[in-house]
Amino acid sequence: LSSVGFSGVRAMKHVAAYLLCVMGGNAAPSAGDVKKVLDAAGSEVDSAALDKVVAELGGKNLDELITEGTTKLASVAGSGGGGGGGGGGGGGG
């Protein structure tokens, strides 16, 4: 969803709450709807971030935005983490 200008944890929790509203059947959540979700989670509401989320996502096809974002993530080169862990042949015998 960075394609619509969201970054940071504050904005992302508002995006997540918006998406929960949509998944719950509300195709066009208002700021009040999203605030209810955040309040129920015991999360602080940042009014500026909330207003931006509702304004930017309103009327957009979220499936397309998510697909676009997933495609962008897939194109980011990632390095495989080292094997790590476990090692040790703990025998004991």
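See the structure printed just above.
Residues numbered from 1 in each chain as written. Predicted model: local features only at pLDDT ≥ 70, side-chain atom pairs only at ≥ 80, totals over all residues. Heavy atoms only, no water.

(A) Up close: the overall build of the protein. Within the protein, the regular secondary structure consists of four helices and zero strands. In sequence order, the secondary structure elements of the protein are arranged as α-α-α-α. Across the protein, contacts joining residues at least 24 apart in sequence account for 59% of those joining residues at least 6 apart. Of the accessible surface of the protein, which amounts to about 6000 Å², a share of 56% is contributed by carbon and sulfur atoms. (Helix = DSSP H or I, 4+ residues; strand = E, 2+ residues; numbered from the N terminus. Contact = heavy atoms within 4.5 Å. Areas by Shrake-Rupley, 256 points an atom, 1.4 Å probe, with all protein chains shown as cover.)

(B) Here's a closer look at helix α3 (residues 47-57). Three or more residues of α3 are buried, namely Ala49, Leu50, Val53 and Leu57. Projected down its long axis, α3 shows its buried positions confined to an angular sector of 100 degrees, all on one face. Turned more than 90 degrees from where α3 packs its buried face, Ala48 and Ala55 sit exposed. The inward-facing, buried residues of α3 abut α1 (8-23), α2 (31-40) and α4 (62-75). (Buried < 20%, exposed > 50% of the residue type's maximum accessible area, 1.4 Å probe, protein only. Arc of directions from axis to C-beta.)

(C) Molecular detail of the environment of Lys13. Note that Lys13 resides in helix α1. Residue classification places Lys13 among the partly exposed positions, given a relative accessible area of 27%. Linking Lys13 and Asp46, residues 33 residues apart in sequence, is a C-alpha distance of 9.9 Å. Residues in contact with Lys13, not counting those within four places in the same chain, are Leu38, Ser43 and Glu44. At 3.0 Å, the side chain of Lys13 and the side chain of Ser43 are in polar contact. (Polar contact = N/O pair within 3.5 Å; in protein donor to acceptor, adjacent residues only side chain to side chain.)

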